[in-house]
Amino acid sequence: MTNAENNGVWSGTWVAERLGVELMGDDSLTALLGLALRRNPKRAHLLVSHVLGKHVPQSPSVVHGHGFALGRRVRELLGAEEAARAVVLGYAETATGLGHSVADGLGPAPYLHSTRRPVPGVARAGGFEESHSHATSHLLLPEDPALLVGDGPLVLVDDEFSTGNTVLNTVRDLHERYPRGRYVVVALVDMRSPADTARMERFAREIGARVDLVAAASGTVRLPEGVLEKGQALVARHEAGGAAGGRSSAAAPSWPVAQFPAPPEGARATPTGPQSPDRRVTRVDLRWPTGLPDGGRHGFTQAHRERLESALPAMAARLADALPGHARRVLVLGNEELMYAPLRLAHALEQRLPSAEIRFSTTTRSPVLAVDDPGYAIRTRLVFPAHDDPADGPGDRYAYNVAGAGFDTVVAVVDSTGDTPLLHAPDGLLARLAAHAPQVLLAVVPSYVPEPLVVPERPAMLSEPLRGPAFSSYAPDEVGWLLQDLSDVTLEAPTEEREEAIQSGGAHYAESLPVEYQPSAQYQQLFQTALEESAARLAQAVGAVTELVLAERSPRPVLVSLARAGTPVGVLMRRWARHRHGLDLPHYAVSIVRGRGIDANALRYLAAHHDPADVVFVDGWTGKGAITRELAAAIEEFEASGGPAGFDPEIAVLADPGSCVRTYGTREDFLIPSACLNSTVSGLISRTVLRSDLVGADDYHGAKFYRELAGADVSVAFLDAVSERFDEVGDAVDATVKELQSGDREPTWEGWAAVERISEEYGIHDVNLVKPGVGETTRVLLRRVPWKILARVGAGADLDHVRLLAEQRGVPVEEVAELPYTCVGLIHPKYTRGATGADGKAVAL
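Residues numbered from 1 in each chain as written. Predicted model: local features only at pLDDT ≥ 70, side-chain atom pairs only at ≥ 80, totals over all residues. Heavy atoms only, no water.

With that settled, the discussion passes to the overall build of the protein chain. Of the regular secondary structure elements, the protein chain holds 21 helices and 33 strands. Out of the 845 residues in the protein chain, the part that is buried amounts to 60%. Within the protein chain, contacts between residues at least 6 apart in sequence are counted, and of these 77% link residues at least 24 apart. Total accessible area on the protein chain stands at roughly 31,300 Å², and carbon and sulfur atoms take up 51% of it. (Helix = DSSP H or I, 4+ residues; strand = E, 2+ residues; numbered from the N terminus. Buried < 20%, exposed > 50% of the residue type's maximum accessible area, 1.4 Å probe, protein only. Contact = heavy atoms within 4.5 Å. Areas by Shrake-Rupley, 256 points an atom, 1.4 Å probe, with all protein chains shown as cover.)

Dropping the structure here:
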């Protein structure tokens, strides 16, 4: 609905009058945007585009034209030569069609859009998170892995540019993997604040790349004080009054529902395929070209574009022939990420039938309040179950401004993955549409799945695990390291240089090692005191998590610890199983690297020697859950690329203060003494290393054995101190396990939410620089460039070592009430060479 269709009333008036929200900027803003409300803990208002083709039905020529025009502007900015080398990347789900249209305007550039739908057999080339998400929400799945490798400009397309967080996350991830010198960010509207704009400029300088922005309009949203709370209350009030509607065909009984006369019998056709609940649903065979991708999920090239252009007239003719003779107002409705194919079909139909009013929009997974008022952007809402077996499980989906809009025909366009019984169910999308239009056509586009790449056969034998005393100070039966020994390679770099390289995007943290911190006598005494005071508590947590694993995961599990923090815990769990049950469990340590996944060769070794279903991954503790998500994505990618299936990605941890897993010994954030030290409490093994010049395709990730630190090694002493308390905590373990098994252990991701809040409150705007929990805070002080430490008011001896390290590094400790963790470490967000303290100046240790 445009302003004209709303009788000249701006579709943001209703929200503006009730909440005082204002759009400030170009005169064109109100022509492009309306306002609506949603239930969201961060932002109650929603900017609703009139020209995107998502929430508001619009002329397909207008929708495609806006994207095409933006593409032409990018072409002018880059010049013909650079435009020919560009790659366009769009964001799922909202901007998939917009990105396609920008690529059309740019010229021959290949196009790829992110996706929330994993595709078996297609390896992940990248992934990133939106700031509000608790899981990796966007995957990059190009058919050609080389698509993102070039050094030409990367053009990133989103519907709106609000804070820039999503774009920064994308560029950070891709620049780390495929660095290039120029990025262009494209959006229909640029709504950043001056602070957000400055942050983007700083980021560009840090990575040494040029970042330009092209938008159809720009401005800001002025929000009065308390708008979030007022908005949430307003949404709650309308939902309570029935405006949300639950699973109904319209959002509220009082909203207009168009009444249409039944079409003449001759205008109907007999449905084919899965039976639809309504006789008014007719299936149309588009005769989609064989092998032509349905969109940019796996890449869309100039050759694909040319094939589509040549096929569109005939497909539009088939749609036109299927329309009833009286059809004058027609909606072509796409499906979530499937925006471009329906858009182009609608555009071709519009050109073929100039006397008819053709509109285009798509369904969405985004829940928005609907209010039947001309001054509100979302007038009506259809609710129906997801019908494409989504990766995040079943749930509701929505179509906005369709009910009551007077369409005499709706053409629903879905891909074949979504052509399921749920689509045709009595409460499915087709039934919802048939209740509001006398005729519904169903057009199914074949879901494109790339042919699997031919992977050269790997060597039949993978290296046997390394064991002590040749590698590590642990006994050979305690753990086998699925790593390669890089002890003779110089990998250490000063902390400040590493931090600068990591934050600038010039290097990945796993490509080098920090210089091992050598604790002072005072600090070593703190470790010993902490161990004595916490040994029983540690033993109880070890016993509890091991008993849960034995009861719920496997009676004879294969423990696989994530090197290196997980390794002491894996050894202790192995010792508990032997002490309490006489079990001699296999135990391995493998490498996992944030942003690059788990060691695939280590997984192949495990699958060749054990049943993957018996493998239990072990780590020391959870912070915000980054490794939890990393492991889940890595296992999924490993299996999709043809690796052996059956690995359970859920991690078992000693402590889960972030509420990220179901298998844990405790959710308390207490001091685990092994977090206080580095290699000297982890078998004298370094952090793992993943660098292309050292780790080949058939190699395990690497690590170093610091034999020279044997005099300071407390690895075995730590294990013995905890193991000696096993007998005395037996009854407490039984009680804990009983309590855990009878309680609710579903992850709440409270830690992730807290990290997001802290990131924004302290102006960091990067969750990777916020390290929650005692263990992660200690790592910040030992290995990174700390900015400040947040400590919960009243935290006691658990933080003695943190306070000492902070004092040595000149880092302030700020006490905070109601902190969900005992402490949180903040890495310096505005790093300059030599910065270690809060003021950015070097501090001598």
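Here we come to empty space enclosed by the protein. Across all of its chains, the model carries four cavities of 30 Å³ or more by this definition. Taken as a whole, the largest cavity holds about 250 Å³ of empty space. Around the largest cavity, the lining comprises 27 residues; the ones closest to its centre are Arg-117, Arg-297, Glu-337, Leu-338 and Asp-415. The element contributing the most residues to the lining of the largest cavity is helix α5 (residues 96-106), with three residues. Considered class by class, the residues forming the lining of the largest cavity number seven nonpolar, eight polar and twelve charged. (1 Å grid on protein atoms, 1.4 Å probe; cavity = no way out; pocket = protein on both sides within 12 Å on 5 of 7 lines; lining within 4 Å. Points joined across faces, edges and corners; volume = space filled by probe spheres on them. Nonpolar A, V, L, I, M, F, W, Y, C, P; charged D, E, K, R; others polar.)

In this section: helix α16 (residues 626-640). For α16, which comprises 15 residues, the first-to-last C-alpha distance of 21 Å matches the rise-based estimate of 21 Å (1.5 Å per residue) to within 8%. Along its buried surface, α16 packs onto β24 (592-593), β25 (597-598), α15 (600-609), β26 (615-621), β27 (651-655) and α19 (750-761). Count one or two residues on from α16 and you reach Gly-642, which has phi positive near 105 degrees. (Expected span 1.5 Å × (residues − 1).)

Read across the open sheet, the six strands follow the order β18-β23-β22-β26-β27-β28; overall the sheet is parallel. At either end of the open sheet lies a strand with only one pairing partner, and these are β18 (480-481) and β28 (663-666). For β27 and β28, the ladder comprises three bridges, and the chain directions are parallel. Among the inter-strand pairings, Ala-652 is bridged to a residue of β28, identified as Thr-663. Strands β26, β27 and β28 of the sheet are contacted by helix α13 (residues 521-552), whose axis makes an angle of about 155 degrees with β28. (Pairing = 2+ DSSP bridges. Axes fitted to C-alpha atoms, helices over the stretch in contact; angles between N-to-C directions.)

Per-residue pLDDT for the protein chain has a mean of 83; in total, 86% of the residues score no lower than 70. Looking at the elements of the protein chain, mean pLDDT is at its lowest for helix α12 (residues 495-504), recorded as 46, and at its highest for strand β13 (residues 357-363), recorded as 97. With pLDDT under 50 throughout, residues 495-508 is counted as low confidence; its partners more than four residues away or in other chains account for 44 contacts. Within the model, the stretch residues 832-845 combines pLDDT values under 50 with 34 contacts to residues more than four positions away or in other chains. (pLDDT = per-residue confidence, 0-100.)

We now examine the pattern of salt bridges. One pass over the structure, following the stated rule, counts 39 salt bridges. Across the pair Asp-388 and Arg-117 runs a salt bridge, and its minimum N-O distance is 3.3 Å. Placement of the pair is Asp-388 in the loop between β14 (381-385) and β15 (396-400) and Arg-117 in the loop between β5 (111-113) and β6 (126-128), with a sequence separation of 271 residues. You can call Asp-388 buried: its relative accessible area is 9%. (Salt bridge = Lys/Arg side-chain N within 4 Å of Asp/Glu carboxyl O.)

Taking every second residue as pointing to the same face, both faces of strand β4 (residues 87-90) are buried, with Val-87 and Leu-89 on one and Val-88 and Gly-90 on the other. Here β4 runs beside strand β8 (residues 154-161); their pairing, made up of four bridges, is parallel. Residue pairing across strands places Gly-90 opposite Val-157, the latter belonging to β8. With three bridges joining them, β4 and β5 adopt parallel strand pairing. By the bridge assignment for β5, Gly-90 is matched with His-113. Since β4 and β5 lie parallel, the crossover through α5 that links them has a hand, and here it is right-handed. (Right-handed = clockwise from strand over helix to strand, strands pointing away.)

Glancing now at the sheet that holds strand β11 (residues 281-284). What the five strands build is an open sheet, ordered β11-β17-β16-β12-β13; its pairing is parallel. Where the open sheet ends on each side, the last strands, each with one partner, are β11 and β13. Going across the sheet, the axis of each strand differs from the next one's by a mean of 25 degrees, ignoring polarity. When β11 meets strand β17 (residues 439-445), the two strands line up parallel, connected through four bridges. What sits directly across from Thr-282, in β17, is Leu-441.

What follows is about the nonpolar core. Core analysis: the largest hydrophobic core is formed by 121 residues, its most contacted members being Trp-481, Ile-598, Phe-617 and Phe-718. The leading source of residues in this core is α13, at 13 residues. The next biggest cluster of nonpolar side chains, apart from the first, holds 109 residues, and it includes Trp-10, Leu-98, Met-191 and Leu-234. (Core = buried A, V, L, I, M, F, W, Y, C linked by side-chain atoms within 4.5 Å.)

A separate point is the side chain of Thr-420. Residue placement: Thr-420 occurs in the loop between β16 (409-415) and α11 (429-434). With relative accessibility at 18%, the residue Thr-420 sits in the buried group. At 2.6 Å, the side chain of Thr-420 and the backbone oxygen of His-387 are in polar contact. (Polar contact = N/O pair within 3.5 Å; in protein donor to acceptor, adjacent residues only side chain to side chain.)

Put simply, Ala-92 and Glu-93 share a cis peptide bond, and its omega is -5 degrees. Of note, Glu-93 is situated in the loop between β4 and α5. For the bond from Ala-563 to Arg-564, the omega torsion is 0 degrees, close enough to zero to count as cis. Residue position: Arg-564 is located in the loop between β22 (558-562) and α14 (566-581). The backbone phi angle of Arg-287 is positive, close to 60 degrees, even though this residue is not glycine. The topology assignment puts Arg-287 in the loop between β11 and α9 (302-322). With phi around 50 degrees, Glu-336 is a residue other than glycine that occupies positive phi space.

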